[in-house]
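A closer look at the structure
Residue strings, one per chain:
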Protein chains: 4
Amino acid sequence: MEKRILLTECADATGLIAKITDTCFNHRLNVIRQDQFASHEDAKFFMRSVLEGDFSESEKIIAEIRSRLPEGARVSLDDGHRRRLCVLVTREAHCLGELLMKAYSGALNADIVKVIGNHEDLRALSEKFNVPFECYENADYPREEQEVKVMEAIDACSPDYVILAKYMRILSPKFIRHYPLGKLINIHHSFLPAFMGAKPYYQAFTRGVKIIGATAHFVTDNLDEGPIIEQDVIKVNHRYDPDTLAKAGHDVEQMVLLRAVNKVLDDKVFIHGNKTVVF
Amino acid sequence: MEKRILLTECADATGLIAKITDTCFNHRLNVIRQDQFASHEDAKFFMRSVLEGDFSESEKIIAEIRSRLPEGARVSLDDGHRRRLCVLVTREAHCLGELLMKAYSGALNADIVKVIGNHEDLRALSEKFNVPFECYENADYPREEQEVKVMEAIDACSPDYVILAKYMRILSPKFIRHYPLGKLINIHHSFLPAFMGAKPYYQAFTRGVKIIGATAHFVTDNLDEGPIIEQDVIKVNHRYDPDTLAKAGHDVEQMVLLRAVNKVLDDKVFIHGNKTVVF
Amino acid sequence: MEKRILLTECADATGLIAKITDTCFNHRLNVIRQDQFASHEDAKFFMRSVLEGDFSESEKIIAEIRSRLPEGARVSLDDGHRRRLCVLVTREAHCLGELLMKAYSGALNADIVKVIGNHEDLRALSEKFNVPFECYENADYPREEQEVKVMEAIDACSPDYVILAKYMRILSPKFIRHYPLGKLINIHHSFLPAFMGAKPYYQAFTRGVKIIGATAHFVTDNLDEGPIIEQDVIKVNHRYDPDTLAKAGHDVEQMVLLRAVNKVLDDKVFIHGNKTVVF
Amino acid sequence: MEKRILLTECADATGLIAKITDTCFNHRLNVIRQDQFASHEDAKFFMRSVLEGDFSESEKIIAEIRSRLPEGARVSLDDGHRRRLCVLVTREAHCLGELLMKAYSGALNADIVKVIGNHEDLRALSEKFNVPFECYENADYPREEQEVKVMEAIDACSPDYVILAKYMRILSPKFIRHYPLGKLINIHHSFLPAFMGAKPYYQAFTRGVKIIGATAHFVTDNLDEGPIIEQDVIKVNHRYDPDTLAKAGHDVEQMVLLRAVNKVLDDKVFIHGNKTVVF
């Protein structure tokens, strides 16, 4: 029997779970896992249901569920296609390397279909794993044109998600709005909202913090302000300088990005205003 | 409007969530939070629903839900009474102290109605917080008789839960079976199943571990083998000796016990064979 | 044999360790633990040595060490007196409670000699533990006068350290400069530098972070910017609201403050510009 | 100026630090970092000093230091050669992959000179990174002979350390004794001493623990009982089955192994009986 994930998102109201699960039951779909959340501050309802059964009438089921929910409800049932990732990089290898390794060993539930760099540094690494690498060097194009090249390269491979794996160039609002919210995932090398902007490890060193971290988030117009998917930290001390902070931080970055991508691929992440619901 | 927690536990089957939420919906009870889990290995279903509405017909609702579930289902709706804790102690103050402080500051959702010691050491502390203290010294009674005294003292205060807050005496099977599984909660001073038995900090020192921990668990006949509710750890290093390990460990113990008790008081913990489901 | 802690701080130079340990050796003092750090960015040397031996000539030893070190060196040998703490509070009990409990059970290497509040709320708690409580209510005095009262109350008990255990009032520069840097220790209810200022749990909720934390730091003129002694965090998720974030955060706050105070009492903390060296 | 690491290990005595640092000072070697530990239970002294200066007379310096220390002292000064690692694997890619990635990106302070498998699975991965792979399949040789083949393959590449990166075959005492203690480093897929032996994730699932971990340790005759270098853990819950526990555990394994190898390569790890001192 097949398994599919049903995602529901709408204004909160009484009886939502009953209506959705009743519809599933009527179509002989068994709920094997269900997570639900209703927000207090703005009365939004979010539910993720792992269903098992026969999905030949899935369009009909979705329509039936939608008809029983409040106006404007979003209902989706994944179609089981293998997800496609496009990864943007600059020079640092650790985040891309972790994704490539997990894809290689079968521990990533997606295909990395293309890597795009604004430097040539990571071509060799990508090609080792037979992933096409395209490069649009900052130096070779005017800023705007370079971005257009990158967008075209992204769109040409039809990815489900674009992963900014230490892509060290600020994206224009035009670029960001070209993609639906939730499609661009960034790893930021600090425990946001501490140390926003550039050189966070140098900032952390200067401030003398005893813990550093990393943050994976969806990208929005507001730099470093998008909905946070995952964060983690490690303890540091006075012996760390900016370089050793960065080296230690890289290990956190790659793990935080990996976990965030895995959760998104498992359809466990809803965007809720400027926050996320992560089941 | 009132809030109550509905707990359901039964053999897994299709349509369980639909049936339960439909019944709630029919009685105009709104589900404001729901967590559900079905185990693979033995096909058990567990659900916790936070309901809001009018509970004047709660007996009828429970009966109706039960009638729609598989044979042997357990269904309960908390009656909203404030829970009563009885705490058993020996000499170490930190776990009792943490519970007393949180009860005092209003951060514990229960009353500590009695403290029972097998040493006099913690009488003064209990009485500072106006909690009656009874002492049955190991030295004053034959072993079996001392245990009977303790049982009688427990039963006299009708507690919902008995918290073994570093009660350093092994309980007999007779004592343990006198209480239903789930009523006795113990804090064990190690990261179980490592370092079972006595002197875990000495064992940790001898083994040279780099992390120590604590485990809160329900008490069963098998010493240190009951269902685990909560665990946590801290990093240590070669500079720690058995005393400083114990001192550092105490902070973990008190926090792990507190969190476990809070989860039990929030009705978030189901016992599942020798394991727990913690929502 | 007696144990004492020698602290040395000076401009970095070659041979410092050799000179200091040689002097100790000549006076038959055995080094049983030694930690040392030299900063790169400003070439400062810090050393903490635990010595064992006869300290009847300690003044002479200190003078001798100082004479062999660069101009301006700070050399100190603790005189073994039991440290005195004065704790400032407002309404929240958890940080004060943790300090009182640890002092009560002998796990704090200091005496809490006085608690000063700007509300009456924690009088009962302090007095349970036989610690004098003085109250200077915000409402009863003009702002400046209230601060003078608090300063006088502090100075009257000659504390080694003043612990701001959730004292919810901003201190004036005059107050802060009245005490030497390193004497005032604050617990800040966030993972600094994230969420500086008031209402950090509300800020954390609004930002949707997945981790919250607490920071213990020395107090300086720049609010929330003093040298950080200790930080810790816990993971949270979308289910937390500002109240449950605060409740969970309190447990981190009390532990971070306790650990910071313990490290300061162990003479393990040096101030290094706006940072700390913590051995 | 050159930097070298001086390691000293001997019976504890008064004046050791003074004698060692004095000798360094006399040879115009500056101590830029120093860590020292003396054990209580068996009075052993361990010190690691990072020295800066002219090492042309290093043999003489070592001899001079040794002559001033108790009988049997071990004194060593690294000769600055780049370390060589030989990695033993079976089928799982994550630990080898992490080491290869870090070596590739320049974040590992050593060369991986050979990978040896008892299955062919990881040949392709090793060869992607231009590391020679040799395979001695369990099925192709009698047990003892296979081990001899592996030993010969190891010895042929003269490694400084042999990393068992999920090498899933128990090594004979003969094999283990062929190498000096401290040369073989293993990653064990559990938080030792919990869940020793095979199938730790299945054991963790059955026991219902709320935390799982990994342990990197030196290999000794006693399986899973060698000196622990590094441990770490992650929180899990009832939703994990043995497979998802293993998947989550792999991320911890690779990080714990990486950190342990980095510490060994930095000469920060001393073996102290069945424990370690890690600076």
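As shown above, the structure is provided for reference.
For every chain, the first residue of the written sequence is number 1, and numbering continues from 1 along that sequence. Starting at A for chains and at 1 for ligands, labels are handed out in the order in which the entities are written. Side-chain atom pairs in this predicted model are given and counted only at pLDDT of 80 or more, local residue features only at pLDDT of at least 70, and totals for whole chains, interfaces and linings cover all residues. Computation of side-chain values: all heavy atoms of the structure, hydrogens and water removed.

Another aspect to go through is the sheet that holds strand E5 (residues 83-89) of chain B. Each strand in a sheet pairs with another by means of backbone hydrogen bonds, the pair being arranged parallel or else antiparallel. Residues and elements named next belong to chain B. Between any two strands, pairing holds if DSSP finds at least two bridges. Strands are runs of DSSP state E lasting at least 2 residues, helices are runs of H or I lasting at least 4, and numbering of each runs from the N terminus. The strand order E7-E6-E5-E8-E9-E10-E11 describes an open sheet built from seven strands, whose pairing is mixed. Each end of this open sheet is capped by a strand with a single partner; those strands are strand E7 (133-135) and strand E11 (228-235). For this sheet the average axis-to-axis angle between neighbouring strands, irrespective of direction, equals 20°. In this sheet, strand E8 (residues 161-164) lies alongside E5 in parallel orientation, the contact comprising four bridges. Pairing of leucine 85 across the sheet is with tyrosine 161, part of E8. Relative to strand E6 (residues 110-117), helix H3 (residues 94-104) is tilted by about 150°, and along the sheet it contacts E5, E6, E8 and strand E9 (184-188). For helices, the fitted axis covers only the stretch in contact; all axes are lines through C-alpha atoms, and the angles between them, taken along N-to-C directions, range from 0 to 180 degrees. We call two residues in contact when some of their heavy atoms are within 4.5 Å.

Relating the two copies of this chain is a rotation about some axis coupled with a shift parallel to it. Here the copies are superposed with least squares, the fitted atoms being C-alpha atoms of residues at a pLDDT of at least 70 in both. With an axial shift of 0.0 Å and an RMSD of 0.0 Å, the rotation relating chain C to chain A amounts to 180°. Expressed as an axis order, the relation between the two copies is that of a two-fold axis. Taking the C-alpha atom as reference, chain C places Ala194(C) closest to the rotation axis, 2.2 Å from it. When the interface residues of chain C are mapped onto chain A, 100% of them again lie at the interface, so the same face is used by both copies.

Here chain B sits on chain C after a turn of 180° about the axis and a move of 0.0 Å along it, with an RMSD of 0.0 Å. Here 100% of the contact residues of chain B are again contact residues in chain C; the copies associate through an equivalent surface.

Moving on to the packing of aromatic side chains. Here a Phe, Tyr or Trp ring, Trp counted by its six-membered ring, pairs with any other such ring whose centre lies within 6.5 Å, and the pair is stacked when the planes are under 30 degrees apart, edge-to-face when over 60, and tilted otherwise. All chains considered together, the criterion is met by 28 aromatic pairs over all chains. Seen from their ring centres, Tyr136(A) and Tyr141(A) are 6.2 Å apart, and the 55° between their planes marks the pair as tilted. To sort residues, take the accessible area from a 1.4 Å probe on protein chains only and compare it with the maximum for the residue type: under 20% means buried, over 50% means exposed, and anything in between is partly exposed. Tyr141(A) sits in the partly exposed class, given a relative accessible area of 23%. Seen in terms of ring centroids, Phe175(B) and Tyr179(B) are 5.5 Å apart; in terms of plane orientation they differ by 55°. Their pairing is tilted. Criterion for a charge above a ring: Arg CZ or Lys NZ at most 6 Å from the ring centre, at most 35 degrees from the ring normal. Stacked on the ring of Phe129(B), the Lys or Arg Lys128(C) has its end atom at 5.3 Å from the ring centre. Between Lys275(C) and the ring centre of Phe205(A), over which it is positioned, the NZ or CZ distance is 3.5 Å.

What follows covers the sheet that holds strand E9 (residues 184-188) of chain C. Residues and elements named next belong to chain C. The seven strands are arranged E7-E6-E5-E8-E9-E10-E11 in an open sheet whose pairing can be described as mixed. The two strands at the open ends of the sheet, each matched to only one other strand, are strand E7 (133-135) and strand E11 (228-235). With strand direction ignored, the average angle separating the axes of adjacent strands in the sheet is 20°.

On to the interface of chain B and chain C. Taken together, the 24 residues of chain B in the interface contact 24 residues of chain C. A quick way to say it: buried area is the sum, across both parts, of accessible area lost when two parts are put together, with a 1.4 Å probe. Here chain B and chain C share an interface that buries about 2,000 Å² over both sides, 57% of which is from carbon and sulfur atoms. Arg239(C) serves as the salt-bridge partner of Asp35(B), at 3.5 Å between the closest nitrogen and oxygen. Here a polar contact means two N or O atoms within 3.5 Å. Within protein one must be a hydrogen donor candidate and the other an acceptor candidate, and residues neighboring in sequence count only if both atoms are side-chain atoms. Applying the counting rule to chain B against chain C returns eleven residue pairs in polar contact (both at pLDDT 80 or more). For this document, the term salt bridge refers to a Lys or Arg side-chain nitrogen within 4 Å of an Asp or Glu carboxyl oxygen.

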